[in-house]
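Spelled out from the first residue to the last, the chains are:
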Amino acid sequence: MNLTENIMLALAGLKSNKMRAMLTMLGIIIGIASVIAIVTVGDSLTASITSTMEEMGANSIMVSIRERGGVESDRGPRMPGAVSATPEESDLFTDEAIENFAMRFNDRVDTISLSHGVGSAKAQDGRLYANVSVTGVNDGYEKANNVKLMAGRFITEKDIKSVKKVAVVSDKLVENMFSAGEDPLGKEIKIYSDTIETYTIVGIYKYETSAFMPSSSSEKDMSTSFYIPVSLAKQDAAIQNYQTFTVVTKTGVDTARFTEDIKNYFSKAYENNAKWEASVMNMESTISSMTSMLSTVSTAISVIAAISLLVGGIGVMNIMLVSVTERTREIGTRKALGARNSYIKVQFIVESVIICMIGGIIGIVLGLLLGALGASLLGYPAEASSSIILLSVSITMLIGVFFGYYPANKAAKLDPIEALRYE
């Protein structure tokens, strides 16, 4: 009997016991679908975060303060600003220290990004409102954070020096606060928090959902950044210095080498500080560390989900043993007519593989749909991995062969005379 006949015989057997076949496939379907869905969501998340970080610039270097004794892990350095205690004002970077650093490396520094968070607030005009997060920034923030201006200008050095009450707002705020066709540039807007402040809009930027913190709010209620001069943000702040800043290097600068030079520069500045030190990390190492961490988590969850494949395989073996028992007389007849043991064995292995393959295909389709749905709900574009699909097909075939071999071998070893007597 050739392979085609075996396949047709297996399909005929499945058709005659549809419900039993479907229940047998269920474990395979759930296992494959779970693995593919998890990997799809994980790959989508990784791709989205990597893309966002790359947009921030592979030539960006983050400098921050951290507690001494922080050990860098095998997966990369600790995230900047990750502290378990609060540094004193004197431990932080002063404007003067940052200016001296920029002058020292002026041949390699393109710009420096500074920011100071003020807090959440609400822009309101009668019944119109928009939630905002007020952030003080300098002129270098735009380039370092890939802020995409749609109209007007960004915060300038002149705004900072003169402490102007100007603001750069998102297109989402404009949609909420202004009528269609109205030009917001030059208009005043009131911000309500603990006090009421009035700012003049000088620029509008395109709001983009962050890969790190996808928005769960409605379009109307989402909070967007409201940029003001950093000098204005720090005017009444208790802390005037900075815990972190970002360096954007000039084109052609070796980022890895410059990172080491910055470490050496600030290690001297903080050599007499017993508790705090400067941490320097470039974007390339951050991307590598983040990708490695996400891949590890995704793999670990996938392995847990794949346990259901073992359960599915046991289910296949069980049903094949039942099938061998039910078809004992058929096996005896075939052997009496001259069928070799190898033919009988192949017949049942093929049937087992067919069950697993059909279950695997259904699982792959279901997993891709669930993965796309999961990625969509989280706000990421779906990234289906072709390698995991091919791996899933291979695994289902192996399960079919592995868990089908014992029942097939048992069928092949049946004595034809005893099999023919079986009731």
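Our structure's up above, just so we're on the same page.
Predicted, not measured: the structure shown is a model, and the values here were computed from it.

Student: Please explain the packing of aromatic side chains as it appears in this structure.
Tutor: Overall, the coordinates contain 16 aromatic pairs when judged by the stated rule. Ring geometry for Tyr141 versus Tyr227: centroids 5.2 Å apart, planes at 55 degrees, classification tilted. You can see Tyr141 sitting in helix H4 (residues 141-144) and its partner Tyr227 sitting in strand S9 (residues 223-229), a full 86 residues away along the chain. Just as Tyr141 is buried, Tyr227 falls in that class too. Of the aromatic side chains, those joined through ring pairs into one cluster are Phe93, Phe101, Phe105, Phe245, Phe258, Tyr265, Phe266 and Tyr270.

Student: Where do I start with the environment of Val303 in this structure?
Tutor: Considering the arrangement of structural elements, one finds Val303 in helix H9 (residues 283-326). Residues Val303 and Val35 lie 268 residues apart in sequence; the distance between their C-alpha atoms is 7.8 Å.

Student: Would you explain the packing of helix H11 (residues 341-378) against helix H12 (residues 386-412) in this entry?
Tutor: Interaxial distance between H11 and H12 falls to 7 Å at its minimum, and their mutual angle equals 150 degrees. Between H11 and H12, the angle is such that the two are roughly antiparallel. Note on packing geometry: the crossing formed by H11 with H12 is right-handed. Here the contact of H11 with H12 is composed, by residue class, of 18 nonpolar, eight polar and one charged.

Student: Help me out: how do you make sense of unusual backbone geometry in this one?
Tutor: Of note in this structure, Asn146 is not a glycine but carries a positive phi near 55 degrees. With respect to the element layout, Asn146 can be found in the loop between H4 and strand S5 (149-152). Its identity as a non-glycine residue notwithstanding, Val163 has a phi of 50 degrees, on the positive side. For Val163, the location among the structural elements is in the loop between helix H5 (157-161) and strand S6 (166-170). Its relative accessible area of 27% is what places Val163 among the partly exposed residues.

Student: Sorry, what's going on with the side chain of Asp159 here?
Tutor: Along the polypeptide, Asp159 turns up in helix H5. Residue classification places Asp159 among the buried positions, given a relative accessible area of 1%. At 3.0 Å, the side chain of Asp159 forms a polar contact with the backbone nitrogen of Thr156.

Student: What's the story with the sheet that holds strand S2 (residues 109-113) in this structure? I'm lost.
Tutor: In sheet architecture, strand pairing relies on hydrogen bonds along the backbone and comes in two forms, parallel and antiparallel. Ordered in space as S2-S10-S1-S11, the four strands form an open sheet in which the pairing is antiparallel. Of all the strands in the sheet, just S2 and strand S11 (276-282) have a single pairing partner and so form its edges. This sheet shows a mean twist of 25 degrees between the axes of neighbouring strands, independent of strand direction. Of the pairings in the sheet, the one linking strand S1 (residues 60-67) to strand S10 (residues 244-249) comprises five bridges and is antiparallel in character. Paired with Val63 across the bridge in S10 is Phe245. Helix-sheet contacts for helix H3 (residues 95-104) involve S2 and S10, and the interaxial angle to S2 is about 165 degrees. The strands that helix H8 (residues 255-269) touches are S1, S2, S10 and S11; relative to S11, the one it contacts most, it runs at about 170 degrees.

Student: So what exactly am I meant to see when it comes to the packing of H3 against H8 here?
Tutor: The packing of two helices is summarised by the inter-axis angle and the distance between the axes. One can describe the packing of H3 onto H8 by two numbers: an axis separation of 12 Å at closest approach and a directional angle of 135 degrees. Taken together, the axis directions place H3 and H8 in an arrangement best described as oblique. Where H3 crosses over H8, the handedness of that crossing is right-handed. Facing H3, whose interface residues are Asn100, Phe101 and Arg104, H8 presents Phe258, Ile262, Tyr265 and Phe266. Class assignment of the residues belonging to the contact of H3 with H8 gives a composition of five nonpolar, one polar and one charged.

Student: Mind showing me how you'd approach the environment of Phe245 here?
Tutor: With respect to the helices and strands, Phe245 occurs in strand S10. Linking Phe245 and Ser113, residues 132 residues apart in sequence, is a C-alpha distance of 5.8 Å. Discounting residues that sit within four places of it in the chain, Phe245 has contacts with Ile61, Met62, Val63, Phe93, Ile98, Phe101, Ile112, Ser113, Leu114 and Phe266.

Student: What exactly am I supposed to notice about a nonpolar patch on the surface here?
Tutor: There is a patch of nonpolar side chains on the surface, built from Met19, Leu23, Leu26 and Ile30 and spanning about 410 Å² of accessible area. With respect to the helices and strands, the residue Leu26 is situated in helix H2 (residues 18-55). Exposure remark for Leu26: the relative accessible area of 39% places this residue in the partly exposed category.

Student: Can you help me understand the pairing of S10 in this one?
Tutor: One face of the sheet, then the other: side chains in a regular strand alternate in exactly this way. Most of S10 sits inside the fold, with five of its six residues counted as buried. Summarising the sheet, S2 and S10 pair through four bridges and their orientation is antiparallel. Following the sheet pairing, Ile112 is matched in S10 by Val247.

Student: Just checking my understanding: could you explain the pattern of salt bridges for this structure?
Tutor: Charged atoms that come close allow side chains of opposite charge to pair. Inspection of every chain in the model, using the stated rule, returns 11 salt bridges. Between Asp159 and Arg153 there is a salt bridge, with the nearest N and O atoms lying 2.6 Å from each other. Arg153 sits in the partly exposed class, given a relative accessible area of 31%. One network of salt bridges, with partners in common, ties together Arg66, Arg68 and Glu277.

Calculation rules
- Residues numbered from 1 in each chain as written.
- Predicted model: local features only at pLDDT ≥ 70, side-chain atom pairs only at ≥ 80, totals over all residues.
- Heavy atoms only, no water.
- Phe/Tyr/Trp six-rings, centres within 6.5 Å; stacked < 30°, edge-to-face > 60°.
- Helix = DSSP H or I, 4+ residues; strand = E, 2+ residues; numbered from the N terminus.
- Buried < 20%, exposed > 50% of the residue type's maximum accessible area, 1.4 Å probe, protein only.
- Axes fitted to C-alpha atoms, helices over the stretch in contact; angles between N-to-C directions.
- Parallel < 35°, antiparallel > 145°, perpendicular 65-115°, else oblique.
- Left-handed = near helix turned anticlockwise from the far one by under 90°.
- Nonpolar A, V, L, I, M, F, W, Y, C, P; charged D, E, K, R; others polar.
- Polar contact = N/O pair within 3.5 Å; in protein donor to acceptor, adjacent residues only side chain to side chain.
- Pairing = 2+ DSSP bridges.
- Contact = heavy atoms within 4.5 Å.
- Patch = residues over 30% accessible without salt bridge, like charges linked within 9 Å, V, L, I, M, F, W, Y side chains within 5 Å.
- Areas by Shrake-Rupley, 256 points an atom, 1.4 Å probe, with all protein chains shown as cover.
- Salt bridge = Lys/Arg side-chain N within 4 Å of Asp/Glu carboxyl O.

Remember, this is a structural readout, not a statement about activity or role.
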